[in-house]
Amino acid sequence: MNTLKDSFGRVHDYLRISLTDVCNFRCQYCIPDENVRFMPLSRLMMSDEIDVIAGVFVKMGVNKIRLTGGEPLIRKDAKDILLSLSKYPVELTLTTNGSVINEFISVFKEAGIKSVNVSLDTLNEKKFTEITRRNDFDKVFKNIQSLMDEGFHVKVNAVIMRGVNDDEIPDFIEWTKTQPVHVRFIEFMPFAGNQWNTEKVFSYHEMLDVISDKYGFIRMKDDANATAKKFKPYNHEGTFAVISTMSEPFCGSCNRMRLTADGKMKNCLFSKGEADILTALRRGEDIIPIIEQCLAVKAEALGGQFEGDYQKIDTSKISNRSMIEIGG
Ligand code: SAM
Ligand code: SF4
């Protein structure tokens, strides 16, 4: 039975676990500073702690776990963690920057992973280097292709920022013509230090306008609790979707909880508060009441930090970690 209900009656069955706040990329919109300091290892959840905490969430009703970060696959024991979590009756998946997927294809298969989200914000090599401050476009692109060749369901996450990559939306749609790739355009979101401003947000409706100038498509049926509005261009192998967090938030059907790499539970990506699950576990305390209490205070929308028109958001009033410290 699922006991993970918040005060608005939303049932939570999806846990996103950040394995590390470390990353081999330095995406401008995610890492505030090239010389960022990462958490000391002693503060991170160890693999057996991740296993125990995940097991408690599964007993409480979680049926989907996504590993994220930082870059989850650069953690030295990523393989062990994937395999240990695969014993739970959950849909296990991950979000990765794709740089080392070539070392993990057989591990994904062994862990029963069917679908992988890979982040790629541009199809232009030079722009890739500007955005990520790393020179790995070819590696990532090849790895996405390998995943598709191996039969995985591949979703490509592209954060669309005005003046940076909004001109590439048609190129991404063109990619879906011959490849079974599922591109997800994400509206740019504000986090600590990421230079967000409203002008840089390229909204859901602007995206649809650009796409409909060139392509015909139909709206697909949304999955329950979906964050993405999905579309299928006529006669294309793949699909596209838009994650409209800023212009049309989807908090009403939210089923997600997060665990940061240092073992803090966040009831929302934008929540100010955190519950210290790891310290409680290390003290031998029961973590179930802590999880329940954290969920009980979940705000109705967007962590209670902003509402209404995103164009009126005052970022100086938002209190949160940077995206890389939360785990996207
Ligand atoms: N390193 C992995 C990756 O890049 O896929 C996993 C972690 S990353 C933080 C997870 C997702 O968050 C990525 O798809 C990334 O594009 C997205 N993301 C990071 N900062 C964002 C922002 N400011 N607005 C919207 N999406 C963001
Ligand atoms: Fe690393 Fe992913 Fe953040 Fe880019 S978006 S810096 S790849 S964690």
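Relevant structure appears above.
Residues numbered from 1 in each chain as written. Chains lettered and ligands numbered in written order. Predicted model: local features only at pLDDT ≥ 70, side-chain atom pairs only at ≥ 80, totals over all residues. Heavy atoms only, no water.

> Explain the overall build of the chain to me, please; I cannot follow it from the model alone.
Scanning the chain from N- to C-terminus turns up ten helices and twelve strands. In terms of overall size, the chain behaves like a compact globule, its C-alpha atoms giving a radius of gyration of 19 Å where 328 residues would be expected to give roughly 20 Å. Referenced to the eigenvectors of the C-alpha coordinate spread, the extents of the chain come out at roughly 60 × 45 × 40 Å. Taken across its 328 residues, the chain has 56% of its residues classed as buried. Considering only intrachain contacts with a sequence separation of at least 6, the fraction spanning at least 24 residues in the chain is 70%. Working note: accessible area of the chain is about 14500 Å², and carbon and sulfur atoms make up 50% of it. (Helix = DSSP H or I, 4+ residues; strand = E, 2+ residues; numbered from the N terminus. Rg over C-alpha atoms; globule rule 2.2 N^0.38 Å. Buried < 20%, exposed > 50% of the residue type's maximum accessible area, 1.4 Å probe, protein only. Contact = heavy atoms within 4.5 Å. Areas by Shrake-Rupley, 256 points an atom, 1.4 Å probe, with all protein chains shown as cover.)

> How do you make sense of the nonpolar core when you look at a structure like this?
The nonpolar side chains of a soluble globular protein tend to be buried with one another. In terms of nonpolar packing, the biggest core is built from 101 residues, with I17, I65, L82, F108, F185 and M265 touching the most fellow members. Among residues more than four places away in sequence, those in contact with I65 are L15, I17, A54, V58, L85, V90, E91, L92 and T93. (Core = buried A, V, L, I, M, F, W, Y, C linked by side-chain atoms within 4.5 Å.)

> For this particular structure, what's the right way to read the site of ligand 1?
Taken together, the neighbourhood of ligand 1 is formed by 20 residues, with G70, S119, N157, M189 and N194 sitting nearest. Within the contact set of ligand 1, an oxygen atom lies 3.2 Å away from a side-chain nitrogen or oxygen of Y29. Within the side chain of N157, one N or O atom sits 3.1 Å away from an oxygen atom of ligand 1. In the complex, the protein chains occlude 95% of the 540 Å² of accessible area that ligand 1 would expose alone. Contributions of two or more residues to the shell around ligand 1 are made by β3 (91-96), β5 (153-160) and β6 (181-187). For the shell around ligand 1, the class distribution of residues is eight nonpolar, ten polar and two charged. (Near = heavy atom within 4 Å. Polar contact = N/O pair within 3.5 Å; in protein donor to acceptor, adjacent residues only side chain to side chain. Nonpolar A, V, L, I, M, F, W, Y, C, P; charged D, E, K, R; others polar.)

> Can you walk me through the pairing of β6 in this structure?
Two faces belong to every sheet, and in a regular strand the side chains alternate between them. Across the seven residues that make up β6, a large majority, seven, are buried. The alternating pattern of β6 places V181, V183, F185 and E187 on one face and H182, R184 and I186 on the opposite face, and all of these are buried. Taken together, the seven bridges between β5 and β6 define a ladder with parallel strand orientation. Bridge pairing in β6 links I160 to E187. Crossover handedness for the path β5 to helix α6 (residues 169-178) to β6: right-handed. (Pairing = 2+ DSSP bridges. Right-handed = clockwise from strand over helix to strand, strands pointing away.)

> Which parts of the structure should I look at to understand the packing of aromatic side chains?
The relative placement of two aromatic rings is captured by the distance of their centres and the angle of their planes. In this structure the tally under the stated criterion is twelve aromatic pairs. A ring pair is formed by F231 and F240, whose centres lie 5.1 Å apart and whose planes are at 15 degrees; its orientation type is stacked. Looking at F231, the relative accessible area reads 4%, which means it is buried. F240 gets classed as buried once you look at its relative accessible area, which sits at 1%. Here the aromatic cluster, defined as three or more aromatic residues joined through ring pairs, consists of F25, F128, F137, F141, F172, W175, F185, F217, F231 and F240. Positioned above the aromatic ring of Y204 is the side chain of K229, whose terminal nitrogen or guanidinium carbon lies 5.1 Å from the ring centre. (Phe/Tyr/Trp six-rings, centres within 6.5 Å; stacked < 30°, edge-to-face > 60°. Lys NZ or Arg CZ within 6 Å of the ring centre and 35° of its normal.)

> When you look at the environment of V52 in this model, what are you seeing that I'm missing?
For V52, the location among the structural elements is in helix α1 (residues 47-60). For V52, a relative accessible area of 42% gives the class partly exposed.

> Mind showing me how you'd approach the state of the cysteines here?
What the rule picks out here adds up to zero disulfides. Looking at C251, it has no disulfide partner, and the nearest cysteine sulfur is the one in C268, 6.2 Å off. Residue C251 is classed as buried on the basis of its relative accessible area, which comes to 16%. (Disulfide = S-S within 2.5 Å.)

> Just to check I follow, could you spell out α1 for this structure?
Side chains of residues three or four places apart in an α-helix project in the same direction, reflecting 3.6 residues per turn. Its 14 residues place the ends of α1 20 Å apart at the C-alpha level, agreeing with the 20 Å of an ideal helix rising 1.5 Å per residue. For α1, the tally of buried residues reaches ten of 14 residues, placing the bulk of the element in the interior. Those residues of α1 lying buried are E49, I50, D51, I53, A54, G55, V56, F57, V58 and M60. Taken from the residues just after α1, G61 is the one with a positive phi, measuring 130 degrees. (Expected span 1.5 Å × (residues − 1).)

> What is the right way to look at the side chain of D262 in this model?
Relative to the elements of secondary structure, D262 occurs in the loop between β10 (256-259) and β11 (264-266). Only 3.1 Å separates the side chain of D262 from the side chain of R43, close enough to count as a polar contact.

> Is there a simple way to explain the sheet that holds strand β8 (residues 228-233) in this structure?
What holds strands together in a sheet is hydrogen bonding between their backbones, with the strands either parallel or antiparallel. Strand order in this open sheet of twelve strands is β7-β8-β9-β6-β5-β4-β3-β2-β1-β10-β11-β12, and the pairing throughout is mixed. Two strands close off the open sheet at either side, each with one partner strand: β7 (217-219) and β12 (275-276). Taken together, the four bridges between strand β1 (residues 14-18) and β10 define a ladder with parallel strand orientation. Considered in β10, the bridge of R16 is made with R258. Sheet contacts for helix α5 (residues 137-149): β4 (115-119), β5 and β6; angle to β4, the most-contacted strand, approximately 165 degrees. This element, helix α9 (residues 288-296), spans β10, β11 and β12 of the sheet and lies at about 30 degrees to β11. (Axes fitted to C-alpha atoms, helices over the stretch in contact; angles between N-to-C directions.)

These values are about where atoms sit, not about what they do.
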